[in-house]
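# Structure assessment
These are the residues of each chain, in order.
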Amino acid sequence: MLTKERENQVIELCQKLIRQKSYSGQEDGVAGVLKEELPKLGFDSVTVDKYGNVIGCIKGKRPGKKLLFDGHIDTVPVTDETEWQYPPFAAEIHDGKIYGRGTSDMKGAVAAFVSAAANFAADTDKDFAGELYIAGVVHEECFEGVAAREISAAVKPDYVVIGEASALNLKVGQRGRGEIVVETFGKPCHSANPEKGINAVYKMAKVIEAIRTLEPTHHPVLGDGILELTDIKSSPYPGASVVPEYCRATYDRRLLVGETKESVLEPIQKLMDQLMAEDPQLKVKVSYAVGEELCYTGNHIQGERFFPGWLYDEKEEFVQDVKKELEDMGYAPSITQYNFCTNGSHYAGEAGIKTFGLGPSQENLAHTVNEYIEIDQLSKVTDCYYGVMKALLK
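What comes next is a walk through the structure. Note that the coordinates shown come from a computational prediction; the quantities given were computed from them, not determined experimentally.

### A look at the side chain of Arg177
With respect to the element layout, Arg177 can be found in strand β9 (residues 176-185). Within the local environment of Arg177, its side chain forms a polar contact with the side chain of Glu144, the two groups lying 2.7 Å apart. Discounting chain neighbours no more than four positions away, the residues touching Arg177 are Cys142, Glu144, Asp252, Arg253, Arg254, Leu255, Arg305, Phe306, Phe307 and Cys341.

Have a look at this one:
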């Protein structure tokens, strides 16, 4: 376990990160803390890429594998600070918990793996095999895995640890996420003479009912490839006395292992082709949503909203090596999967890099009012990350 001095160090670092408000695109304050602290903690280099990701590196004295710890430094917004029992950016400690936006999701984990890396380097005098990297990642709340592409291209890691909350358990997979856009096109006219136009919303209503008949794909471990309607808009809006000429529906599609952009759209497109053959007035288009956001560096980040699922067998050697090390340290991690999407969509789902999740705190605290992290969990995960380094950098 950690010494009291090292426990205080990780608590203080976590508090410094929490006190920097860092909504997506506004992560410069947190990045500044990391750039200042990492050299003090013995990191050999600290770089910032075009998106604003912060990458710290400690090189071992012997050749070996590259191990990357990934943690996003952006958070979802606080909609109403008055709803919080304690100020969301003060990082106050009450009853053994640090309160604030991003404590659980996921600045606690970032503070923990930074501290663990510093402790590991100090204890070994950097006499270990390989290279140790930490990444403070931007824009994850908008684009799971998009900013991470820059990191893996720069680092080329052999292993990645996702620090998302897992209550100290090992996560070897997740469903991915796709955002599918369905558009119908009509013909505008005065609503007093609707027969002269084509109402795009009526057409969309038929499309939505048809999509509900599609059978979801299924995976024995990850479950169903859910397709759920999340948003619908018509145009013009507001549409006083006008028959809408356009309608857009957005679907959330949970992705399973092996599903591709093409395989996911294929059954929807096939159904739309059938509907259009039956109704000459129906014009419908199916595609993936494309997002674009401004980074604090001034650059733009853009990506199609398709973030693959991934899954490793719990019997994989790297998983078992970590599990054994943690058990030898007195922990009892179970091996399961995340219920939500993470940057693992890139590392494992796109790049095929050996990846697992390990983080402090409970998954259901993310994005909540009165978000917190237990100091006990913060201390223990710092210890666990140290164990991961022992297990994989040898």
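### Concerning the pattern of salt bridges
Enumeration over the complete set of coordinates arrives at 23 salt bridges. Two residues, Glu144 and Arg177, come together in a salt bridge whose shortest N-O distance is 2.7 Å. Here Arg177 lies in strand β9 and Glu144 lies in the loop between β6 (129-137) and α4 (146-155), a separation of 33 residues in the sequence. Neither Glu144 nor Arg177 differs from the other in exposure class; each is buried. What you see here is one network of salt bridges that share partners, running through Lys16, Glu36, Glu37 and Lys40.

### Things to note about the side chain of Glu325
Looking at the secondary structure, you find Glu325 in helix α7 (residues 317-328). At 3.3 Å, the side chain of Glu325 and the side chain of Lys390 are in polar contact. In contact with Glu325, other than residues within four places in its own chain, are Gly387, Lys390 and Ala391.

### Topic: the sheet that holds strand β5 (residues 97-99)
Read from one edge to the other, the open sheet built from three strands follows the order β4-β5-β21, with strand pairing classed as antiparallel. Both outer strands of the open sheet, β4 (93-94) and β21 (372-374), are each paired with one neighbouring strand and no more. Note: β4 against β5, two bridges, orientation antiparallel. Residue pairing for β5: Ile93 is matched across the bridge by Ile98. Packing against the sheet, helix α3 (residues 103-124) makes contact with β5 and β21, and its axis sits at approximately 50° to β21.

### Quick look at unusual backbone geometry
Each neighbour pair has its own omega, and for Asp105 with Met106 the value is -10°, a cis peptide bond. At the junction of Ser235 and Pro236, the peptide bond is cis and its omega measures out at 5° in the coordinates. Looking at the secondary structure, you find Pro236 in the loop between β12 (227-235) and β13 (246-255). Located in the positive-phi region is His139, a residue other than glycine, with phi close to 55°. Among the secondary structure elements, His139 is positioned in the loop between β6 and α4.

### Thoughts on the packing of helix α1 (residues 4-18) against helix α2 (residues 28-40)
Put simply, α1 and α2 touch, their axes get as near as 8 Å, and they point 145° apart. Every residue of α2 that contacts α1 at Leu13, Lys16 and Leu17 is listed here: Val30, Val33, Leu34 and Glu37.

What counts and how
- Residues numbered from 1 in each chain as written.
- Predicted model: local features only at pLDDT ≥ 70, side-chain atom pairs only at ≥ 80, totals over all residues.
- Heavy atoms only, no water.
- Helix = DSSP H or I, 4+ residues; strand = E, 2+ residues; numbered from the N terminus.
- Polar contact = N/O pair within 3.5 Å; in protein donor to acceptor, adjacent residues only side chain to side chain.
- Contact = heavy atoms within 4.5 Å.
- Salt bridge = Lys/Arg side-chain N within 4 Å of Asp/Glu carboxyl O.
- Buried < 20%, exposed > 50% of the residue type's maximum accessible area, 1.4 Å probe, protein only.
- Pairing = 2+ DSSP bridges.
- Axes fitted to C-alpha atoms, helices over the stretch in contact; angles between N-to-C directions.

Just geometry here; none of it tells us what the structure is for.
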